[in-house]
Amino acid sequence: MSIQEIRLFGDPVLLTPAAPVVDFDKELRNLVADLTETMLDAPGAGLAAPQIGVPLRVFTWIVEEELGHLINPVLDLGSETEDDEEGCLSFPELRYNTPRSLQVVAKGFNMFGEPIVVEGTEFLARALQHETDHLDGILFIDRLSPENRKLAMKEIRESEWFNLQNESGNTPKIKESPHTIFGRNT
Ligand code: ZN
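Below is a summary of the structure that appears in this document. Since the structure is predicted, the reported quantities are computational estimates derived from the model, not experimental observations.

Below, the discussion takes up the sheet that holds strand β6 (residues 103-109). Taken in spatial order, the five strands make up an open sheet running β1-β2-β3-β6-β7, and their pairing is antiparallel. One side of each edge strand has no neighbouring strand; the edge strands of this open sheet are β1 (46-48) and β7 (115-121). Direction aside, the axes of adjacent strands within the sheet are offset by 40° on average. The pairing of β6 with β7 spans seven bridges and is classified as antiparallel. Across the sheet, residue A106 finds its bridge partner in β7, namely V118.

Another aspect to go through is unusual backbone geometry. As a rule of thumb, non-glycine residues mostly have phi less than zero, and peptide bonds are mostly trans rather than cis. The omega angle of the peptide bond from A42 to P43 is -10°, so this bond is cis rather than trans. If you trace the backbone, P43 turns up in the loop between α1 (26-41) and β1. Phi is positive for N72, close to 50°, though the residue is something other than glycine. By secondary structure assignment, the location of N72 is in strand β3 (residues 66-77).

Turning our eyes to something else, we now look at the layout of surface pockets. Size it by volume and the largest pocket reaches roughly 320 Å³. Considering the residues around the largest pocket, the lining is formed by 21 residues, among which A45, G87, C88, L89 and R95 are closest to the centre. If you tally residues by element for the lining of the largest pocket, the top one is helix α2 (residues 122-135), at six residues. Residue composition of the lining of the largest pocket, by class: nine nonpolar, six polar and six charged.

Protein-derived ligands of the zinc ion are C88 (SG), H130 (NE2) and H134 (NE2), with the metal-ligand distances lying across 2.0 to 2.2 Å. Note on H134: relative accessible area 1%, which makes it buried.

Spanning 14 residues, α2 covers 21 Å between terminal C-alpha atoms, matching the ideal 20 Å at 1.5 Å per step. A large share of α2 lies buried, amounting to 12 of its 14 residues. After α2 finishes, the residue G137 shows a positive phi value of roughly 75°.

Moving on to α1. The terminal C-alpha atoms of α1 lie 22 Å apart, and with 16 residues this matches the ideal 22 Å at 1.5 Å per residue to within 8%. Considered for burial, the residues of α1 that qualify are L28, L31, V32, A33, D34, L35, T36, T38 and M39. Packed against the buried residues of α1 are β1, β2 (58-63) and β3.

Criteria and thresholds
- Residues numbered from 1 in each chain as written.
- Predicted model: local features only at pLDDT ≥ 70, side-chain atom pairs only at ≥ 80, totals over all residues.
- Heavy atoms only, no water.
- Pairing = 2+ DSSP bridges.
- Helix = DSSP H or I, 4+ residues; strand = E, 2+ residues; numbered from the N terminus.
- Axes fitted to C-alpha atoms, helices over the stretch in contact; angles between N-to-C directions.
- 1 Å grid on protein atoms, 1.4 Å probe; cavity = no way out; pocket = protein on both sides within 12 Å on 5 of 7 lines; lining within 4 Å.
- Points joined across faces, edges and corners; volume = space filled by probe spheres on them.
- Nonpolar A, V, L, I, M, F, W, Y, C, P; charged D, E, K, R; others polar.
- Donors = N, O, S within 2.8 Å, 3.2 Å for Na, K, Ca; no water.
- Buried < 20%, exposed > 50% of the residue type's maximum accessible area, 1.4 Å probe, protein only.
- Expected span 1.5 Å × (residues − 1).
- Contact = heavy atoms within 4.5 Å.

Printed below as a string of structure tokens:
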């Protein structure tokens, strides 16, 4: 169990759809532990596996001091939406109003492969949607109004973290999944 480097916007792993988990093994439980530890250290309210370079459908959250994790999530979104402030550990210091459903029912599995259902409202609902988006390579800036997106892109281009990442010139690597998916490593 260890704190992992959080990938920032500009890293291709954040735009890559993640693969479903097929092996509910010790390696998966280590991944959940790493995500939890890295999220708490940041600190953040949620963290998805692609954000630490692992393209698998796994994320963790901490909302109202309750820790959770979900694997291979499928979301059922309520029709009522709310436009409220949101941020992301892959975009340091960026916060924009982002429209999200107020209620969500998330179905998936825990790290032992047992089916679970998580019902979230308000902030938990927002976190579940934000993290599930990460698994599809969708980022919160993709959900912004055109005006806010323009402002966000400008703020990103002018940010120190984005420019440092570009200057370093090293292409971030996507970590190979340790899991065999459909008979091949993805
Ligand atoms: Zn995020």
